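# Observations on the three-dimensional arrangement
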Amino acid sequence: ASVEIGGPTIFDKIIAKEIPSKIIYEDEKVLAFHDINPQAPVHVLVIPKFRDGLTGLGKAEPRHGEILGHLLYAAKVVAEKEGIVDGFRVVINNGPGACQSVYHLHLHVLGGRQMKWPPG
Ligand code: 5GP
């Protein structure tokens, strides 16, 4: 699929609740919701509500430190809420070489099955 890098994405509509999603956790800075195409029994996406240039982790700047830390903390909260805190994985796909398909930074939180390593 072709992707436009830098413009609005489907996640803006999820944040605005114009597209429904199954929300796990939400606060003023982040939103966590079930992935529409789950790759594990639990597969949640954690995203910043304000993208601020973060089309992907590769665009991170020093000013993003607080939101990046908060996203990781929210991933742990999601893992606890979903009952996978003793075995979960957090993934960020960055760029075409890593199969990133939505250019709004997101953490994948995966669990509920034995995770393999290396991931492939
Ligand atoms: P990426 O490949 O960019 O790392 O991950 C993007 C993820 O967004 C994919 O796992 C895909 O299934 C998910 N996704 C794409 N569109 C939607 C949507 O409309 N709703 C939800 N809940 N997930 C979506």
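Scroll up a little and you will see the structure.
Parameters and conventions
- Residues numbered from 1 in each chain as written.
- Predicted model: local features only at pLDDT ≥ 70, side-chain atom pairs only at ≥ 80, totals over all residues.
- Helix = DSSP H or I, 4+ residues; strand = E, 2+ residues; numbered from the N terminus.
- Buried ≥ 20, exposed ≤ 12 C-beta atoms within 10 Å, placed from the backbone.
- Contact = placed C-beta atoms within 7 Å.
- Near = placed C-beta within 6 Å.
- Nonpolar A, V, L, I, M, F, W, Y, C, P; charged D, E, K, R; others polar.

### Description of the overall build of the chain
Assigned secondary structure in the chain consists of 2 helices and 5 strands. Going from the N terminus to the C terminus, the chain shows its helices and strands as α-β-β-β-α-β-β. Each of the three principal axes of the chain carries a C-alpha extent, and together these read 35 × 30 × 30 Å. In the chain, which comprises 120 residues, the proportion classed as buried is 28%. Relative to all contacts within the chain whose residues are 6 or more apart in sequence, the contacts with residues 24 or more apart total 59%.

### Observations regarding the site of the ligand
Near the ligand you find 14 residues, and of these I36, N37, N93, S101 and V102 are the closest. Residues that form the shell around the ligand fall into these classes: 7 nonpolar, 6 polar and 1 charged.

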